[in-house]
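Understanding the architecture of this molecule
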Amino acid sequence: MTSLISCSSNVSVTLLISVWVTFVIIATAGNFYQDFDITWGDGRAQILNNGELLTLSLDKTSGSGFQSKNEYLFGKIDMQLKLVPGNSAGTVTAYYLRSEGSAWDEIDFEFLGNLSGDPYILHTNVFSQGKGDREQQFYLWFDPTADFHTYSILWNPQRIIFYVDGTPIREFKNLESIGVPFPKNQPMRIQSSLWNGDDWATRGGLVKIDWSQAPFTASYRNFNADACTRSSGASSICNSNSPANNNNPPWLLEELDSAGQEALQWVQRNYMIYNYCSDTKRFPQGLPPECTAK
Ligand SMILES: *[C@@H]1O[C@H](CO)[C@@H](O)[C@H](O)[C@H]1NC(C)=O
């Protein structure tokens, strides 16, 4: 596993940058026992292969879910997922970062299942201080049920970038300068769940779950976080205004270079099927400011 230093969650002090008082930079190549807790599902979520594999399942009685033990404030977080195969219509596999409270921040990947042979939708959203309404949806350029693929979130003080197998599909920039709140003060946990979303997920709710196919199962492996995380018991948070310094990890200043910009445009041109920024009907008072920013 590639990582600068691998460490257990409560011995995560590896590289401490002076201004980052109670948060520490860690690089962890994941073990599900070490990094995650199963949060619900009464046995439907399982950690297997000595912590290298996690599976979630959904049947008529319940779905299931897990969350990270750590709370993260900025970082680059990778997870490989293999989604529910076959007739997965109506199922939703959600994988996201989320903070607590009523003015929460959230960065979402949601995978909306479909009938066998019909395409999944990858639904994304960004919430800042409890406000979302920033959906973008995509088809994928591969079958996400045939194998594991890597879904990554880069989150630093300047931007959030969603990646699929290293290809950027969406960027949400810090535009606080024009009054758009940006997630940067609330640490978030990684959360994931598999649940019944058949009132809206597939063809807008037209196609329901076929329970004769249950249980439905999604699998996770190769979690990796290069991130800033709250050390156990500490209460204050990372100072996101800290000046760059030579010890900073690469993700802290990461941005799209010209090849990255081109890749992002390729995805948006060819695979994006919904963009809130193009939905003028939905925003009769005018598009949100981040949509029209230069
Ligand atoms: C499911 O397949 C239909 C037909 O190809 C498509 O319109 C829809 O976008 C697909 N995905 C979902 C999640 O509904």
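Before any of the text, the structure's been laid out above.
Residues numbered from 1 in each chain as written. Predicted model: local features only at pLDDT ≥ 70, side-chain atom pairs only at ≥ 80, totals over all residues. Heavy atoms only, no water.

Strand order across the open sheet formed by 8 strands is β2-β5-β14-β7-β8-β9-β10-β16, with antiparallel pairing between neighbours. Because the sheet does not close on itself, it has two edges, and the strands there are β2 (36-40) and β16 (272-275). Neighbouring strand axes in the sheet, compared pairwise and without regard to direction, differ in orientation by 15° on average. Pairing of strand β9 (residues 121-127) with strand β10 (residues 136-138), which is carried by 3 bridges, proceeds in the antiparallel orientation. Of the residues in β10, the one forming a bridge with threonine 124 is glutamine 136. (Pairing = 2+ DSSP bridges. Helix = DSSP H or I, 4+ residues; strand = E, 2+ residues; numbered from the N terminus. Axes fitted to C-alpha atoms, helices over the stretch in contact; angles between N-to-C directions.)

In this structure, the largest pocket encloses a volume near 580 Å³. Lining the largest pocket are 17 residues; nearest its centre among them are Glu171, Lys173, Gln268, Glu290 and Ala293. Its residues assigned to classes, the lining of the largest pocket shows 7 nonpolar, 5 polar and 5 charged. Computed from the structure, the second largest pocket encloses a volume of approximately 170 Å³. Forming the boundary of the second largest pocket are 15 residues, of which Asp118, Pro119, Tyr120, Asp143 and Pro144 lie nearest the centre. Classifying every residue of the lining of the second largest pocket gives 8 nonpolar, 5 polar and 2 charged. (1 Å grid on protein atoms, 1.4 Å probe; cavity = no way out; pocket = protein on both sides within 12 Å on 5 of 7 lines; lining within 4 Å. Points joined across faces, edges and corners; volume = space filled by probe spheres on them. Nonpolar A, V, L, I, M, F, W, Y, C, P; charged D, E, K, R; others polar.)

Moving on, we come to the side chain of lysine 184. Note that lysine 184 resides in the loop between β13 (167-173) and β14 (189-196). In terms of polar contacts, lysine 184 uses its side chain to reach the side chain of glutamate 176, at 3.2 Å. (Polar contact = N/O pair within 3.5 Å; in protein donor to acceptor, adjacent residues only side chain to side chain.)

We now examine the packing of aromatic side chains. Within a pair of aromatic rings, the relevant descriptors are the distance that separates the centres and the angle that separates the planes. All told, the structure shown has 19 aromatic pairs when counted by the stated rule. Ring geometry for tryptophan 211 versus phenylalanine 216: centroids 6.1 Å apart, planes at 65°, classification edge-to-face. Judged by its relative accessible area of 23%, tryptophan 211 is partly exposed. For lysine 76, the ring lying beneath its charged end belongs to tyrosine 163, and the centroid distance is 4.4 Å. (Phe/Tyr/Trp six-rings, centres within 6.5 Å; stacked < 30°, edge-to-face > 60°. Buried < 20%, exposed > 50% of the residue type's maximum accessible area, 1.4 Å probe, protein only. Lys NZ or Arg CZ within 6 Å of the ring centre and 35° of its normal.)

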